[in-house]
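Examining the three-dimensional arrangement
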Amino acid sequence: MCFSNVIGNRVPVERINTYFIRKYSIAVDILRLDQVDPLISGNKWFKLKYFLIEAHSRKIRTLLSFGGAWSNHLHAMAAAGYRFGFQTIGIIRGEKPAKSSAMLQDAERWGMRLIYVSRADYKKRYETEYQHALLKQLSLSLDQLMIVPEGGSGEQGVRGCEDILDAGSIQASEYDEIWLACGTGATMAGIIRSAGSDTRVRGVAVLRGAGFLKDDIQQYLSPTATRWNLELDYHCGGYGKTTPGLIQFILEFERETGVPLDPVYTGKLFFALKKMAQLGGLSGISRLLLIHTGGLQGRRGFREWAT
Ligand SMILES: Cc1ncc(COP(=O)(O)O)c(C=O)c1O
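It should be emphasised that the depicted structure is a prediction, and the values quoted were computed from it without experimental measurement.

1. Overview of the domain arrangement of the chain
Domain parsing of the chain yields domain 1 (4-38 + 158-301) and domain 2 (44-154). Centre-to-centre, using C-alpha coordinates, domain 1 lies 26 Å away from domain 2. The interface of domain 1 with domain 2 comprises 23 residues on the first partner and 17 residues on the second. Contact with domain 2 buries area across many residues of domain 1, yet Val6, Gln297 and Arg300 alone supply 29% of it, more than any other trio. Summed over the shared surface of domain 1 and domain 2, the number is 3 salt bridges. Linking Arg300 and Asp106 is a salt bridge whose minimum nitrogen-to-oxygen distance equals 3.0 Å. For the side of domain 1 that touches domain 2, the elements supplying multiple residues, two or more each, are helix 7 (154-161), helix 8 (164-167) and helix 9 (186-195). Considered class by class, the residues forming the side of domain 1 that touches domain 2 number 11 nonpolar, 8 polar and 4 charged.

Structure representation (structure tokens):
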């Protein structure tokens, strides 16, 4: 099986010259991971690939993972399962909705088996006893499937994200800073590990109260990796929450640059750039790389982009 064909050509890097950075003379490039693949898009291919490679080499045919009704991760895993011939199972947080989200409809169309669990049960997803009960219900044993952590994180996910900069032929040392949106922090850990010591990596947390992510990220790093920091104040109210200002910003940004953003991750990343520019937080930066981590399928969950 050839997994390498998902990244055919070099991932494009695009220079933007938007109004809110023009006066600071900063060159801002975007690594367009959203263009990696129409379905296994953004950081998702990188987070999944070592799970897929390991499952294939261990002759495991079923992948199981966890997420919400709009999970980009489950969407990509369902697409990857369909394309590469794995059975997929998605454990979905919360009651089955009266009308399935567009993401769940896609996942089912690609053959993912969806199992809805209460929020209380979902919290137990990494407990051995709970997993055993779940597998019994599915008539599967642990050696017949691979459990992929929520969001595709874990060491395999981080290792895959170490390949992101290479995929765009990026020399990290040509940038003062590399920025990206952070959910679990796995993508950021991979970027820090591959960026070398000359370049600062800055993560914009998309959830409220995400201070705990510092330890989550640090666990994947050597103690000498110190050129990184997390911005905790640009979550716009919390995970999946938006403000009118964020939505207006995304619409204006897209009109001006032609680069589509999603309101959960990349919209908040670029909005943080605008706000930090206004607060004078970009001094000392002359070359900046922002990573577009995809997630555009999730736009369908917001009425501004609902089709
Ligand atoms: C589009 C998008 N961007 C960024 C992230 C954040 O990645 P991580 O959870 O590795 O921090 C995610 C979640 O995986 C995502 O779906």
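2. Description of the environment of Arg93
For Arg93, the position within the fold is in strand 4 (residues 87-93). What makes Arg93 partly exposed here is its relative accessible area of 30%. Discounting residues that sit within four places of it in the chain, Arg93 has contacts with Gly67, Gly68, Val117, Arg119, Tyr122 and Glu150.

3. Some thoughts on the site of the ligand
Taken together, the neighbourhood of the ligand is formed by 15 residues, with Lys47, Gly183, Thr184, Thr187 and Thr293 sitting nearest. Within the side chain of Lys47, a nitrogen or oxygen atom sits 2.7 Å from an oxygen atom of the ligand. Relative to its unbound accessible area of 390 Å², the ligand is 97% covered by the protein chains. Contributions of two or more residues to the shell around the ligand are made by helix 2 (44-57), strand 7 (177-182) and helix 9. Split into classes, the residues belonging to the shell around the ligand amount to 4 nonpolar, 9 polar and 2 charged.

The rules behind the values
- Residues numbered from 1 in each chain as written.
- Predicted model: local features only at pLDDT ≥ 70, side-chain atom pairs only at ≥ 80, totals over all residues.
- Heavy atoms only, no water.
- Domains from an automatic or database assignment.
- Contact = heavy atoms within 4.5 Å.
- Buried area = accessible area lost by both parts, 1.4 Å probe.
- Salt bridge = Lys/Arg side-chain N within 4 Å of Asp/Glu carboxyl O.
- Helix = DSSP H or I, 4+ residues; strand = E, 2+ residues; numbered from the N terminus.
- Nonpolar A, V, L, I, M, F, W, Y, C, P; charged D, E, K, R; others polar.
- Buried < 20%, exposed > 50% of the residue type's maximum accessible area, 1.4 Å probe, protein only.
- Near = heavy atom within 4 Å.
- Polar contact = N/O pair within 3.5 Å; in protein donor to acceptor, adjacent residues only side chain to side chain.
- Areas by Shrake-Rupley, 256 points an atom, 1.4 Å probe, with all protein chains shown as cover.

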